[in-house]
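Chain and residue survey
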Amino acid sequence: MLAQAILEGLNPEQRAAVETTEGPLLVVAGAGSGKTRVLTHRVAYLVGVCGIAPENVLAVTFTNKAAGEMRERVRKLLGPDADAIWVATFHATCVRILRREIGHLGRSRGFVIYDESDALALVKEALRRHGMDPRADDARRLRWRIDQWKNAGLLPAGAAERAADLEAEQAAEVYATYQRLLAEANALDFGDLLLLTVELFDRFPEVRRHYQQRFAYVLVDEYQDTNRVQYRLVDQLAGEHRNLCVVGDPDQSVYGWRGADIRNILDFERDHPDARVVVLERNYRSTQHILAGAGAVVENNPDRPKKTMLAQRGEGRRIALQEFLDERDEAQFVVQRILEGVRGEGRSYGQYAVFYRTNAQSRPLEEELLKYDVPYVVVGGVRFYDRAEVKDALAYLRLALNPADGMALRRIANRPARGLGKATLERAEARAAERDATLLDGLRTVVADATGRVRSGGEAFLELLDGLARDLPGLSPAEALTTVLERSGYLRALEQEGTPEAEARVENLRELVAGAEDFETANAGEDRSPLELFLDQVALVTDLDSSDLRDDRISLMTAHSAKGLEFPFVFLVGMEEGIFPHQASSRDERAVEEERRLCYVGMTRAMEGLTLCWARERRRFGTRTFGVPSRFLGEIPESTVEGMRPSPGAARRAFDAGAGRSLDYDYDQSAADRAGVAAGMRVRHPIFGPGTILAVTGAGAGQKLRIRFDRAGVKTVLVRYANLELG
DNA sequence: GCCTCGGACTTTTTT
DNA sequence: AGTCCGAGGC
């Protein structure tokens, strides 16, 4: 009965993927092939038909949204039984394990999770401790490097071991300091959540065995996006029962920059010689032209395991390619088209989505949408929880639960202003360092020794903190927030400001409290308090997860954010060399391949209508730059495209012949066109040698190029004098 | 300690 | 064109 309900409506391959419960299984699930369906039905089948206890099943996803959706759908199939199944992101899974087990590693269970800005600030601090200049630029680069190390599974010792030169050795030393500072603050960054869990399982086999036995069935979604640490974690968790089902699509691997290793999925059969493989090639989402066009693009990647998606829907309309003068022109067209569809064809706004390569590209679209009063939502971008006032409020909560959290203390010591400025904090810092104590303890001694404003303001502040530490732990998240905002005088200070900005902040804080009220506290079997759970969730959640893609709004998002979603009508804007593929990727062939997969991901989100747009001119960094059509446009077969299209290899020929000519456009040639240069192109300078054009600015005699030279770094040169050779 | 100004830098993509 | 950060003045 239940078995029938669960297997009904699955095609033979999907059914095989659901019914093959024992042993390692790789499900190669092409775009739109019903991957989520397979995952949810498989979980339901395990519990509802095979009789596996819900707590013995672990399903790991990448986004909270995917986890939430999966839980929801499993619940529909299974009912309340579903609640005992662990369905969570990698990070949430690790937090849950670490909150229980981190004591084995000599760390406290009350750790906080540092976000990116906390982590960056801590890297700066680490640089300072090494007597190095904590320039924002260097700090960011090092932060990135540390993250890569963590993704690769390397602790400081491992990083030092592999250091090839003095510079890398130094970096590894700062990494070690960074880790020490994190430990002192009783904090973990994102990478630590995974890395420390793997370390825990490595060093404590009995702990590992406990979880291995518990999770008799492990499922992993988006396996093509796993990095080294995640690979090891999965390996550890599924190590005993080996009932491991991974689902993914090599063609949709788009997180290599974040340490994801596409080989994890490509080598699955090698790693598990007894693995069964199921390939889902039937696409239920897109019409034929769209699918064929997208497929042709991704086929340009070499070494790609052959996979051909079969459209199950009709031919549909062709892919539209559109050229524009600039980004405003482009935005106008997109909005007009959507308005026509809504007013003329009776469609809803929610049927439309616009994708772009970088978040900054949402701007002109938003302006145009606002002009016509069209409802829209920007997915991703600035997170709600990243707003200053929200972070301040949360910092109070964090500090109340974890007095060692130096970053939280630094954040709120003087917010609202109470006379505890930079100098006082520096003194506190010094005291803390010399007595090996927390920043808060350092501050206590400074305040005790002080007179005047620091003394009075400091004492009031310390009393406030002690009171919060005493009273908050028992409260609900919403009560705790309200208490903080009142007792600290934070809300009062904002209200007294009376500016529109301050009002907006007050509004955001209200929203935060309202969100906390809605926070689900159904946490049976959890050993975290509701407040702790709330803070964990806030640290791990993204806007992408909470944004409701409602039917009455257009969705704007990056191509990355679009992964896993589908829309009847999709616009991909900014299809220009240097933007998509992004200039940072255009030098490295592997990176271009990833961009190509990203393009494939974007295109395959479309069900019925797909329009790709490029603009000849675009404002970037506040100046106008000129562009040529993306190479990906030239890779879409003629037969799947309607109307105007740039000829294949337009970028190349524009380069050779002077841009514009070969494209046969009636367009007033700009200086950049005459020079035949555009962002993304390769040039040779008589002195600096070969390089890549980053941007073209200005016009006429004053026209300049910003070029990243392979050997000489980034320089700005005047076209008139530079004597550049192309190629 | 606080504020204002100027300059550098930004835009990859995110759990 | 914005934003962020540091220096310098009050």
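That block above? That's the structure.
Residues numbered from 1 in each chain as written. Chains lettered and ligands numbered in written order. Predicted model: local features only at pLDDT ≥ 70, side-chain atom pairs only at ≥ 80, totals over all residues. Heavy atoms only, no water.

1. Description of the overall build of chain A
From N to C terminus, chain A includes 33 helices and 24 strands. Here chain A holds 727 residues, and 56% of them are scored as buried. In the structure as shown, chain A presents an accessible area of about 31,000 Å², 47% of it carried by carbon and sulfur atoms. (Helix = DSSP H or I, 4+ residues; strand = E, 2+ residues; numbered from the N terminus. Buried < 20%, exposed > 50% of the residue type's maximum accessible area, 1.4 Å probe, protein only. Areas by Shrake-Rupley, 256 points an atom, 1.4 Å probe, with all protein chains shown as cover.)

2. Details of the pairing of strand β11 (residues 319-324)
For β11, a buried count of six out of six residues is recorded, marking the element as mostly surrounded by other parts of the structure. Across the two faces of β11 the burial is the same, with I319, L321 and E323 and A320, Q322 and F324 all buried. With five bridges joining them, β11 and strand β16 (residues 606-615) adopt parallel strand pairing. Paired with F324 across the bridge in β16 is A615. (Pairing = 2+ DSSP bridges.)

3. As for the packing of aromatic side chains
Counting across every chain of the model gives 12 aromatic pairs. Centroid distance W86 to F215: 5.1 Å. Interplanar angle 55 degrees. Geometry classified as tilted. Taken together, the residues span a long stretch of sequence, with W86 in strand β3 (residues 86-89) and F215 in the loop between α11 (205-214) and β6 (217-220) at a distance of 129 residues. Owing to a relative accessible area of 1%, F215 belongs among the buried residues under this scheme. Ring pairs connect the aromatic residues W86, F201, Y211 and F215, which therefore count as one cluster. Against the face of F111 rests R99, its NZ or CZ located 3.9 Å from the ring centre. For R258, the ring lying beneath its charged end belongs to Y255, and the centroid distance is 4.3 Å. (Phe/Tyr/Trp six-rings, centres within 6.5 Å; stacked < 30°, edge-to-face > 60°. Lys NZ or Arg CZ within 6 Å of the ring centre and 35° of its normal.)

4. What about the packing of helix α16 (residues 327-345) against helix α17 (residues 362-371)?
One can describe the packing of α16 onto α17 by two numbers: an axis separation of 9 Å at closest approach and a directional angle of 50 degrees. As the angle between them shows, α16 and α17 are arranged oblique. For the pair α16 and α17, the crossing hand works out as right-handed. Contact residues: E327, A331, Q332, V334 and V335 in α16; P364, L365, E368, L369 and K371 in α17. The residue makeup of the contact of α16 with α17, split by class, is six nonpolar, one polar and three charged. (Axes fitted to C-alpha atoms, helices over the stretch in contact; angles between N-to-C directions. Parallel < 35°, antiparallel > 145°, perpendicular 65-115°, else oblique. Left-handed = near helix turned anticlockwise from the far one by under 90°. Contact = heavy atoms within 4.5 Å. Nonpolar A, V, L, I, M, F, W, Y, C, P; charged D, E, K, R; others polar.)

5. Section: the nonpolar core
Ranked by internal contacts, the top residues of the largest apolar core, which has 70 residues, are Y178 and L193. Apart from residues no more than four positions distant in its own chain, L193 is found in contact with H91, C94, V95, L98, F111, I113, L188 and L540. Membership of the second largest hydrophobic core comes to 50 residues, among which are L439, L472, L512 and F519. (Core = buried A, V, L, I, M, F, W, Y, C linked by side-chain atoms within 4.5 Å.)

6. Brief notes about the packing of helix α5 (residues 90-101) against helix α12 (residues 228-237)
Following both chains from N to C, one finds α5 and α12 inclined at 55 degrees, their axes separated by 12 Å at the closest point. Taken as axis vectors, α5 and α12 run oblique relative to one another. Note on packing geometry: the crossing formed by α5 with α12 is left-handed. Across the interface between the two elements, F90, H91 and C94 of α5 pack against Q230, L233 and V234 of α12.

7. Some points on the protein's contact with DNA strand B
Lining the immediate surroundings of DNA strand B are 31 residues, of which F62, R357, A423, T424 and T542 lie closest. Sugar plus phosphate, as a fraction of atoms of DNA strand B within 4 Å of the protein: 53%. A distance of 3.4 Å separates a phosphate oxygen of DNA strand B from a polar atom in the backbone of K422. If one sorts the elements of the surface near DNA strand B by residue count, helix α20 (residues 422-435) sits on top with three residues. Its residues placed into classes, the surface near DNA strand B shows 10 nonpolar, 14 polar and seven charged. (Near = heavy atom within 4 Å. Polar contact = N/O pair within 3.5 Å; in protein donor to acceptor, adjacent residues only side chain to side chain.)

8. Details of the sheet that holds β3
Strand order in this open sheet of six strands is β3-β2-β6-β7-β1-β8, and the pairing throughout is parallel. Edge positions in the sheet fall to β3 and β8 (276-280), since each of these pairs with one other strand and no more. Direction aside, neighbouring strands of the sheet carry axes that sit 15 degrees apart on average. One ladder, built from four bridges, connects strand β1 (residues 25-29) with strand β7 (residues 244-248); its direction is parallel. Following the sheet pairing, L25 is matched in β7 by C245. The strands that helix α2 (residues 12-19) touches are β1 and β8; relative to β8, the one it contacts most, it runs at about 145 degrees. Against the sheet, helix α4 (residues 64-78) touches β2 (57-61) and β3, its axis set at about 160 degrees to β3.

9. Section: α2
For α2, the set of buried residues is Q14, A17 and V18. On an axial view of α2, the arc spanned by its buried residues comes to 100 degrees, and they lie on one face. Those residues of α2 hidden inside the fold are in contact with α1 (2-7), β1, α3 (35-48) and β8. For α2, the N-terminal capping position is held by N11, with its side-chain oxygen 3.0 Å away from the main-chain nitrogen of E13. (Arc of directions from axis to C-beta.)

10. Observations regarding the environment of E125
Within the secondary structure, E125 sits in helix α6 (residues 116-129). Note on E125: relative accessible area 10%, which makes it buried. Spatially, the C-alpha atoms of E125 and G32 are 46 Å apart, while their sequence positions differ by 93 residues. Setting aside residues no more than four positions away along its own chain, E125 makes contact with L181 and E429.

11. Notes on helix α15 (residues 288-298)
Most of α15 is tucked away, with nine of its 11 residues classed as buried. Contacts from the buried residues of α15 go to β9 (282-283), β10 (310-311), β11, α29 (589-603), β16 and α30 (631-634).

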